[in-house]
Amino acid sequence: MSDDPKPDWLGEPEHPTQPDPTRAARGPGKPALPKRFYGEAGLAAHGDGFRLTLDGRPANTPARNPLALPTRALAEAVAAEWAAQVAVIDPATMPLTRLANTAIDGVAPRREAVVDDLSAYAGTDLLAYRAGDPERLVRAQAEAWDPILDWAHSDLGARFILGEGVMHVTQPDTTVVALRRAIGETEGPFRLAALHTLTTLTGSLVLALAVLRGQASPAEAWAAAHVDETYQASVWGRDAEAEARHALRQAEFEAAARLAQLSR
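Notes on the structure in this doc start here. The shown structure was predicted, so the numbers you read here are calculated from the model rather than taken from an experiment.

**With respect to the overall build of the chain**
Secondary structure summary: the chain contains eleven helices and six strands in total. Within the chain, buried positions represent 42% of all 264 residues. If you sum the accessible surface of the chain, you get close to 13900 Å²; carbon and sulfur atoms cover 54% of it.

Below, the structure is given as structure tokens:
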């Protein structure tokens, strides 16, 4: 928080404190969560948007940039995450805040680098790599993926060449250019941060763009990205540990989709 010796959003003081011998004795491990140090989370006007306030004081990102959101809807959702914290501040329960920090600190100052990173997925998109068998999996992939690729061709001008297995398939230059153009058309750092998260969690830039542009719901896109895993689970059964990891990733995916929606 600006001009405030209290902890910032991570709960770390602006100036070093005395060593904690009890913490040192515990040795390395998961960092202790910071205590909640504020009573009320609110909003204040900031430029064309809104800034998170904690007890009326403007809050910052980890990089000390203003934690400012472009719309009231997103700002209220972020403030709600802060208001929901109880004894400690747990970033794991604050996905919109974490994504907003990423947008402000990581995406806004290096937009072109993020566009470049996303553009690399144009040549390796998940939806271009198909199974040769069994027939049930081949059919499931086609049913989930072909409509999205048809949309990418008709609306984005991106035509994919499909391959079988994991051997690399070189996509047409026109497809790569078309997808880079679609990435570049993404408005603002918040939606671009959301697009990056949606893409990296699924391995499909096309699915991520479909969610961002309202062609597919987050649930539809997530299911499409995991056709193979769903098939394998139907054959071999489900693994509890894998299911837990899957659920955490899905929650992050849904948060990114919500960030994109609320930041418009």
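**Points about the packing of aromatic side chains**
When we look at a pair of aromatic rings, we describe it by the centre distance and by the angle of the planes. As enumerated under the stated definition, the model contains three aromatic pairs in all. On the basis of an interplanar angle of 50° and a centroid distance of 5.1 Å, the ring pair of W222 and F253 is categorised as tilted. Of this pair, W222 sits in helix 9 (residues 218-225) while F253 sits in helix 11 (residues 240-262), and the two are 31 residues apart along the sequence.

**Side note on helix 10 (residues 227-236)**
Considered for burial, the residues of helix 10 that qualify are V227, Y231 and A233. Buried residues of helix 10, viewed axially, fall in a sector of 160°; they line one side. Residues of helix 10 that are buried make contact with helix 5 (135-156) and helix 9. Where helix 10 terminates, the next one or two residues include G237, which has phi positive at roughly 95°.

**Structural notes on the nonpolar core**
As a rule of thumb, nonpolar side chains are buried together in soluble globular proteins. The biggest cluster of nonpolar side chains holds 73 residues, and the ones touching the most others in it are W82 and L195. Once residues lying within four places of it in the same chain are set aside, the contact partners of L195 are L118, I183, T186, L205, A208, L209 and L212.

**Topic: the packing of helix 9 against helix 11**
When two helices pack together, their arrangement is given by the angle between the helix axes and the distance between those axes. It is at 10 Å that the axes of helix 9 and helix 11 come closest, and there the two elements cross at 140°. With respect to their mutual orientation, helix 9 and helix 11 come out oblique. In terms of crossing hand, the pair formed by helix 9 and helix 11 is right-handed. Facing P218, A221 and W222 of helix 9, the residues of helix 11 in contact are H246, R249, Q250, F253 and A257.

**Topic: the pattern of salt bridges**
Counted according to the given criterion, the structure contains eleven salt bridges. The partner of D116 in a salt bridge is R180, and the shortest N-O contact between them spans 2.6 Å. Separated by 64 residues along the polypeptide, D116 in helix 4 (residues 111-119) and R180 in helix 6 (residues 173-184) bring together distant segments of the chain. For D116, a relative accessible area of 40% corresponds to the partly exposed category.

**Here's the deal with the pairing of strand 2 (residues 49-54)**
The element strand 2 is extensively covered by neighbouring structure, given that six of its six residues are classed as buried. As paired elements, strand 1 (residues 41-46) and strand 2 share six bridges and run antiparallel to each other. Each residue of the ladder has a partner; that of L43, found in strand 2, is L52. The turn linking strand 1 back onto strand 2 is made up of two residues, and G47 within it adopts a positive phi angle of 60°. As defined by bridge partners, strand 2 adjoins strand 3 (residues 57-58) across two bridges and the pair is classed as antiparallel. Bridging across to strand 3, L54 finds its partner in R57. Linking strand 2 back to strand 3 in an antiparallel pair, the connection comprises two residues, with D55 at a positive phi of about 55°.

**A word on the side chain of D125**
The residue D125 is located in the loop between helix 4 and strand 5 (129-130) in this model. One buried charge, D125, has no salt-bridge partner; the nearest side chain with opposite charge is R130, at 8.5 Å. A polar contact is formed between the side chain of D125 and the backbone nitrogen of L205, at a distance of 2.8 Å. In contact with D125, not counting residues within four places along its chain, are F160, G203, S204, L205 and V206.

Quick notes on the rules
Residues numbered from 1 in each chain as written. Predicted model: local features only at pLDDT ≥ 70, side-chain atom pairs only at ≥ 80, totals over all residues. Heavy atoms only, no water. Helix = DSSP H or I, 4+ residues; strand = E, 2+ residues; numbered from the N terminus. Buried < 20%, exposed > 50% of the residue type's maximum accessible area, 1.4 Å probe, protein only. Areas by Shrake-Rupley, 256 points an atom, 1.4 Å probe, with all protein chains shown as cover. Phe/Tyr/Trp six-rings, centres within 6.5 Å; stacked < 30°, edge-to-face > 60°. Arc of directions from axis to C-beta. Contact = heavy atoms within 4.5 Å. Core = buried A, V, L, I, M, F, W, Y, C linked by side-chain atoms within 4.5 Å. Axes fitted to C-alpha atoms, helices over the stretch in contact; angles between N-to-C directions. Parallel < 35°, antiparallel > 145°, perpendicular 65-115°, else oblique. Left-handed = near helix turned anticlockwise from the far one by under 90°. Salt bridge = Lys/Arg side-chain N within 4 Å of Asp/Glu carboxyl O. Pairing = 2+ DSSP bridges. Lys, Arg positive; Asp, Glu negative; His and termini not counted. Polar contact = N/O pair within 3.5 Å; in protein donor to acceptor, adjacent residues only side chain to side chain.

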